[in-house]
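Report on the structure
Here's the letter readout for the chains.
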Amino acid sequence: MSAGPGDVADSFASALLVHDPEGLYELAPCGYLTLSARGLIVAANQTFLLWTGYAAAAVVKSVPFVNLLTPGSRVFYETHVRPLLHMTGRANEIAMDIVRADGSRLPVFVNAVMEQAEGCARGLTRVAIFDATERRRYELELHAEKRRAQESERRLAVVARTLQETLVPPRHPRIEGLDIATAYRPAGSGAEIGGDFYDVFAVTERDRKSVV
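Keep in mind that what you see is a predicted model, and the values were worked out from it rather than measured.

Analysis parameters
- Residues numbered from 1 in each chain as written.
- Predicted model: local features only at pLDDT ≥ 70, side-chain atom pairs only at ≥ 80, totals over all residues.
- Heavy atoms only, no water.
- Helix = DSSP H or I, 4+ residues; strand = E, 2+ residues; numbered from the N terminus.
- Buried < 20%, exposed > 50% of the residue type's maximum accessible area, 1.4 Å probe, protein only.
- Contact = heavy atoms within 4.5 Å.
- Areas by Shrake-Rupley, 256 points an atom, 1.4 Å probe, with all protein chains shown as cover.
- Core = buried A, V, L, I, M, F, W, Y, C linked by side-chain atoms within 4.5 Å.
- Phe/Tyr/Trp six-rings, centres within 6.5 Å; stacked < 30°, edge-to-face > 60°.
- Pairing = 2+ DSSP bridges.

**What to know about the overall build of the protein**
- Looking only at helices and strands, the protein features seven helices and five strands.
- What you see in the protein, going N to C, is helices and strands ordered as α-α-β-β-α-α-α-β-β-β-α-α.
- The buried share among the 212 residues of the protein stands at 26%.
- Once local pairs closer than 6 in sequence are excluded, the contacts in the protein between residues at least 24 apart make up 42%.
- Counting only carbon and sulfur atoms, one obtains 57% of the accessible surface of the protein, whose full area is about 14600 Å².

What follows is the structure in structure tokens.
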């Protein structure tokens, strides 16, 4: 029977208490990979294997790390992350999606450090992987709530505009002996439903200039 996340956390805590280096690596609260200079996975801890559902033999010394990424994440890794690692030696808080063994996606944040080998050549890359499932769910819910609020504001503005249009006649009434002009002054931004009214007032020349 495979260990669950709670079992891994308990085992990691035990390893921490007895200062067990192997346990600290294998049962760390994050996935941990070591990549060769060409990006091949040469080591993976048990946390990463548990999260992704892969057997060690299926990934270690068998596939490049980019092969486990979704197409979009793979393109981003090749065009942004890999060049950044070669230029600066590190990349932090990179959002990606890993394809699990069952085909589902695991949202993650990736921190990576590329070691400097002899002769100034780049060597192994150490990669820490953090489960971002809850963070991604929160962000999606936040975006959905924002869209609902924007749609609600749009609908309210339509209602306000419709009510305003029903109060303002499409053309000025023609009354012999009177010169009638219309000025519309909404309350606030004009998008709220307020106490709009329409009426005719006698104005002086000074009032006329202020309206214009």
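**Observations concerning unusual backbone geometry**
- Its identity is not glycine, yet Lys 61 carries a phi of approximately 60 degrees, on the positive side.
- Relative to the helices and strands, Lys 61 is located in the loop between helix H4 (56-59) and helix H5 (71-88).
- Judged by relative accessible area, which is 64%, Lys 61 ranks as exposed.
- Even without glycine at this site, Glu 93 takes up a positive phi of about 55 degrees.

**Structural notes on the nonpolar core**
- Counting 28 residues, the largest nonpolar core has Leu 33, Ile 41, Phe 65, Tyr 77, Ile 98 and Ile 129 as the members making the most contacts within it.
- Contributions of two or more residues to this core are made by strand E1 (31-35), strand E2 (41-44), helix H3 (46-52), H5, strand E3 (90-99), strand E4 (105-116) and strand E5 (122-131).
- Considering each element in turn, this core owes the most residues, five residues, to E4.

**Quick look at the packing of aromatic side chains**
- With the rule as written, the count across this model stands at two aromatic pairs.
- Ring geometry for Tyr 25 versus Tyr 32: centroids 5.3 Å apart, planes at 85 degrees, classification edge-to-face.
- Owing to a relative accessible area of 27%, Tyr 32 belongs among the partly exposed residues under this scheme.
- A ring pair is formed by Phe 65 and Tyr 77, whose centres lie 5.7 Å apart and whose planes are at 75 degrees; its orientation type is edge-to-face. Note that Phe 65 is positioned in the loop between H4 and H5 and Tyr 77 in helix H5, a separation of 12 residues in sequence. The burial state of Phe 65 is the same as that of Tyr 77; both residues are buried.

**Topic: the pairing of E2**
- Looking at chain direction, E1 and E2 are connected through three bridges and run antiparallel. Along E2, the bridge assignment pairs Thr 34 with Ala 43.
- Adjacent in sequence and paired antiparallel, E1 and E2 are bridged by five residues, among which Gly 39 carries a positive phi angle near 90 degrees.

Scope: geometric values only; no functional claims are made or implied.
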